[in-house]
Amino acid sequence: MKLLIIGGVAGGASAAARARRLDESAEIVLLQSGPDVSFASCGMPYYIGGEITDRNQMAVQTPESLRRRFNIDVHVNTRVTKIDVKSKTVTATDETQPDSLNTFSYDELVLAVGSEPLKPPIPGIDRKGLFALRNLQDMDAIVEWINDMPQKCTTCSGYAGNKMHAVVAGAGFVGLEMVEQLMRRGLEVTVVEMLPQVLGPVDVEMAAIIEDDLRKRGVNLVVGDAIQEFLPLDGNADADDPSTVVKLRSGKLLPPAQITILGMGVRPDTKVVKEAGIECTPRGHIVVNDYLQTNMPHIWAAGDAIEVLNPILGDGTKWSVPLAGPANRQGRMIADNIFGAKKRKFKGTYAASVVRVFDLICACVGLNEKMLASKNIPYASVHVHPGSHAGYFPGAKSINFKLLFHKTSGQILGAQAVGEEGVEKRIDVISTAMQGNLTVEDLADLELCYAPPVGSAKDPVNIAGMAATNVIEGLVDQLDWKELKSVASTPGVVVLDVRNAQEIEKNGPLLPGNKTVCIPLDQLRDRLNEIPESAERIVVSCASGQRAYYAARILMQSQSAKVANLSGAFKTFSKVSDRV
């Protein structure tokens, strides 16, 4: 058996190592463009920022270590130019000798070709000082440029402390990691995002928490605008100072940037794959079946370049999820399906993701509201703001937690969380629950670890499950934060804020003017007469939602008006009230 693998990072290296463990006699050949295999691509921003200091740590495996440990024939600096499915051969060129051509035969072929950074046809995008980040060579080039640029910069004196200025194009996961790390290096940073928010996989009210923190830290955040052109400094493309002036579609010119990071997304690197007749989607992703086989016999595919099942929808819909975790598991599974006795199906990807942005962690899994609305799925959501551990134990941090679920069945459709501590742990629990087909009612009953320094007797996951179950069972009606302003202006609607007077004075009113009736929760039973008799609907809010729920239950049993709890309460609404 001769196994040929194209791509030696996540999926390809995993397939190779697993294949060797399953079959000591197989001939395993791995082809990789560039000089590195199995490198820590997700760690590259942290090396650029100096948080990872040892360059050698970025190579998880080397060609030599793969040869020694797994007896794999590794060919680096090898760019595949043709796949011949009839003759079962692959043609490749040695990147150090561009005129060379080598042919490799195979019995089974694994395509782990990965993705490449999007590089839209923006004028000036090929200027020096503009970098995408795909491999260790890109990483090294960025570090070298930052180190050398102060000697060439004639505009740095415009910043406090003679700093350099960086522009990051794109506010996705990698873009925001680069923002953090460039600021760690002492650069001033502007981030430009075409969407009206950062971090597209999460909903706007969750992204707003990250945005507020970025601005407080001095990041110049531009959302809802796009880059139109990269211009040379003072219009002189031959100037000694290679700084770039970024022009936005709005017409705004950004201050001269000494470095620009292109983080505009990725696309599958499948040109050669398509030319071989292997089926791909209109967007270029390789089509695979449940066993990760392509439409061509003896050819398999894994990683960023494939579309996989979206198991949440349950209708056969596929999506592309370029994450390292699924890619590693897919590579392992392909080796099992080639060499193992038991054939394994890939059940799909739930898109569990996490990013650290300075002191905040943002994590998500499953579908967001935009996706659910586009699929016309009847969904509801709850926002809760519990502590990362018991409130009486020092150091507890608030977790902003959003749970999305089916309105009637209680199926968990997605979750998002932002906070300083304990965030990814809770999203991991939700991801596991989704894969086990648990419902929100099951979340309320989950038994999770508890000790005061690390958790609560009612874990945030339990609390979210309880809140969602209350909605499904009709114990409380909810009003989405996006509807509050319009609903509040409707005749017959009363907005009731049950925070105490000191909270309102410190943090501000829920709505401007005298649009809110303020009665602290502990006084509500004695002051029900202050709610206008003409009220047809009462919307209740507090700081985070818990007291408002208590108030809603009191009102639902004492008032004829319809009662709704403002989802997320003041804490969520105050972050995004200017967007509705």
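Higher on the page you've got the structure.
So, here is what we can say about the structure in this document.

Thresholds, definitions, all that
Residues numbered from 1 in each chain as written. Predicted model: local features only at pLDDT ≥ 70, side-chain atom pairs only at ≥ 80, totals over all residues. Heavy atoms only, no water. Axes fitted to C-alpha atoms, helices over the stretch in contact; angles between N-to-C directions. Helix = DSSP H or I, 4+ residues; strand = E, 2+ residues; numbered from the N terminus. Left-handed = near helix turned anticlockwise from the far one by under 90°. Contact = heavy atoms within 4.5 Å. Pairing = 2+ DSSP bridges. Expected span 1.5 Å × (residues − 1). Buried < 20%, exposed > 50% of the residue type's maximum accessible area, 1.4 Å probe, protein only. Polar contact = N/O pair within 3.5 Å; in protein donor to acceptor, adjacent residues only side chain to side chain. Patch = residues over 30% accessible without salt bridge, like charges linked within 9 Å, V, L, I, M, F, W, Y side chains within 5 Å. Areas by Shrake-Rupley, 256 points an atom, 1.4 Å probe, with all protein chains shown as cover. Salt bridge = Lys/Arg side-chain N within 4 Å of Asp/Glu carboxyl O. Arc of directions from axis to C-beta. Core = buried A, V, L, I, M, F, W, Y, C linked by side-chain atoms within 4.5 Å. Right-handed = clockwise from strand over helix to strand, strands pointing away. 1 Å grid on protein atoms, 1.4 Å probe; cavity = no way out; pocket = protein on both sides within 12 Å on 5 of 7 lines; lining within 4 Å. Points joined across faces, edges and corners; volume = space filled by probe spheres on them. Phe/Tyr/Trp six-rings, centres within 6.5 Å; stacked < 30°, edge-to-face > 60°. Lys NZ or Arg CZ within 6 Å of the ring centre and 35° of its normal.

**A closer look at the packing of helix α1 (residues 10-22) against helix α8 (residues 324-339)**
Next up, step 1: In the contact formed by α1 and α8, the axes pass within 7 Å of each other and the chain directions differ by 35°. The interaxial crossing formed by α1 with α8 has right-handed handedness. Two secondary-structure elements touch here, α1 through Ala10, Gly11, Ser14, Ala15, Arg18, Ala19, Arg21 and Leu22 and α8 through Ala324, Ala327, Asn328, Gly331, Arg332, Ala335, Asp336 and Phe339.

**A word on the sheet that holds strand β21 (residues 360-366)**
Next up, step 1: Here we have five strands laid out as an open sheet, ordered β20-β21-β24-β23-β22, and antiparallel in their pairing. Either end of the sheet is taken by a strand with one partner, and the two such strands are β20 (353-357) and β22 (379-384). Here the average twist between neighbouring strands, direction ignored, is 10°.
Next up, step 2: Both β21 and strand β24 (residues 412-419) contribute to a ladder of six bridges, which runs antiparallel. Within β24, the residue paired with Cys362 across the bridge is Val418.
Next up, step 3: Where helix α12 (residues 460-472) meets the sheet, it contacts β22 and β23 (399-406), and its direction lies at approximately 40° from that of β23.

**Considerations on α12**
Next up, step 1: With 13 residues, α12 should cover 18 Å at 1.5 Å per step; its first-to-last C-alpha distance of 18 Å lies within 8% of that length.
Next up, step 2: By the burial criterion, the buried members of α12 are Pro460, Val461, Asn462, Ala464, Gly465, Ala468, Thr469 and Asn470.
Next up, step 3: Among the structural elements, β22, β23, α10 (423-435), α11 (440-445) and α15 (546-556) are those in contact with the buried residues of α12.
Next up, step 4: Measuring from the side-chain oxygen of the N-cap residue of α12 to the backbone nitrogen of Val461 gives 2.9 Å; that N-cap residue is Asp459.
Next up, step 5: Following α12 by one or two positions, Gly474 has its phi on the positive side, about 80°.

**Some remarks on the sheet that holds strand β4 (residues 78-84)**
Next up, step 1: With antiparallel pairing, the three strands of this open sheet are ordered in space as β4-β5-β6. In this open sheet, the two edge strands, each paired with only one partner strand, are β4 and β6 (97-105). Strand-to-strand twist in this sheet, taken as the mean axis angle between neighbours without regard to direction, amounts to 25°.
Next up, step 2: Taken together, the five bridges between strand β5 (residues 89-94) and β6 define a ladder with antiparallel strand orientation. In the strand pairing of β6, Val90 is matched with Phe104.

**Comments concerning the side chain of Glu211**
Next up, step 1: Of note, Glu211 is situated in helix α6 (residues 204-216).
Next up, step 2: In this structure Glu211 touches Pro196, Gln197, Val198, Leu221, Val223 and Arg579, once residues within four positions along its chain are discounted.

**Quick word on a nonpolar patch on the surface**
Next up, step 1: A cluster of nonpolar side chains, namely Tyr392, Phe393 and Tyr450, defines an oily patch on the protein surface of about 350 Å² accessible area.
Next up, step 2: In this fold, Phe393 is placed in the loop between β22 and β23.

**Quick word on helix α16 (residues 569-576)**
Next up, step 1: Within the span of α16, buried status applies to Ala569, Phe570, Thr572, Phe573 and Val576. Angular distribution of buried residues about the axis of α16 spans 170°; they occupy a single face of the element.
Next up, step 2: Check the buried side of α16 and you find it contacts α6, β22, α13 (484-488), α14 (501-507), β28 (537-541) and β29 (562-566).

**A word on the nonpolar core**
Next up, step 1: Judged by nonpolar contacts, the single largest core of 85 residues is most densely connected at Leu111, Ile286, Phe401, Leu403 and Ile430.
Next up, step 2: Considering every element that reaches this core, the biggest residue donor is α10, with six residues.
Next up, step 3: Leu111 has contacts with Ile6, Ile83, Val273, Ile278, Ile286, Ile299, Trp300, Ala301 and Ala302, leaving out every residue within four places of it along the chain.
Next up, step 4: In this structure, Leu136, Met149, Val189 and Ile209 belong to the second largest nonpolar core, which totals 46 residues.

**Some points on unusual backbone geometry**
Next up, step 1: Phi at Asn77 takes a positive value of approximately 50°, unusual for a residue other than glycine.
Next up, step 2: Within the element layout of this structure, Asn77 appears in the loop between β3 (73-75) and β4.

**Things to note about the side chain of Ser456**
Next up, step 1: Examined against the element boundaries, Ser456 turns out to sit in the loop between α11 and α12.
Next up, step 2: Among the polar contacts listed, one links the side chain of Ser456 to the backbone nitrogen of Ala390, at a separation of 3.4 Å.
Next up, step 3: Setting aside anything within four residues of it in sequence, one finds Ser456 in contact with Gly387, His389, Ala390 and Tyr450.

**Details of the pairing of strand β1 (residues 2-6)**
Next up, step 1: Counting buried positions over the five residues of β1 gives five, a clear majority of the element.
Next up, step 2: A two-sided burial pattern is seen for β1, the buried positions comprising Lys2, Leu4 and Ile6 on one face and Leu3 and Ile5 on the other.
Next up, step 3: One ladder, built from five bridges, connects β1 with strand β2 (residues 27-31); its direction is parallel. Within the sheet, the bridge partner assigned to Ile5 lies in β2 and is Leu30.
Next up, step 4: In this fold, β1 hands off to α1, which returns the chain to β2; that crossover is right-handed.

**Describing the layout of surface pockets**
Next up, step 1: Quantified by volume, the second largest pocket comes out at close to 720 Å³.
Next up, step 2: Lining the second largest pocket are 30 residues, and of these Val384, Ile463, Ser544, Gly545 and Gln546 sit closest to its centre.
Next up, step 3: Listed by contribution, the elements that provide at least two residues to the lining of the second largest pocket are β22, α12, α15 and β29.
Next up, step 4: At six residues, α12 tops the list of elements feeding residues into the lining of the second largest pocket.

**Remarks on the packing of aromatic side chains**
Next up, step 1: Throughout the structure, instances matching the rule amount to two aromatic pairs.
Next up, step 2: Aromatic side chains Phe131 and Trp145 sit 5.8 Å apart centroid to centroid with 65° between the ring planes, which places their arrangement in the edge-to-face category. Of this pair, Phe131 sits in strand β9 (residues 130-131) while Trp145 sits in helix α4 (residues 136-148), and the two are 14 residues apart along the sequence.
Next up, step 3: Judged by its relative accessible area of 14%, Phe131 falls in the buried class.
Next up, step 4: Note on Tyr549 and Tyr550: the rings are 6.1 Å apart at their centroids and 50° apart in plane angle, and the pair reads as tilted.
Next up, step 5: Overall, Tyr549 belongs to the partly exposed group, its relative accessible area being 22%.
Next up, step 6: Above the ring of Phe570, the side-chain terminus of Arg499 is found at 4.1 Å from the ring centroid.

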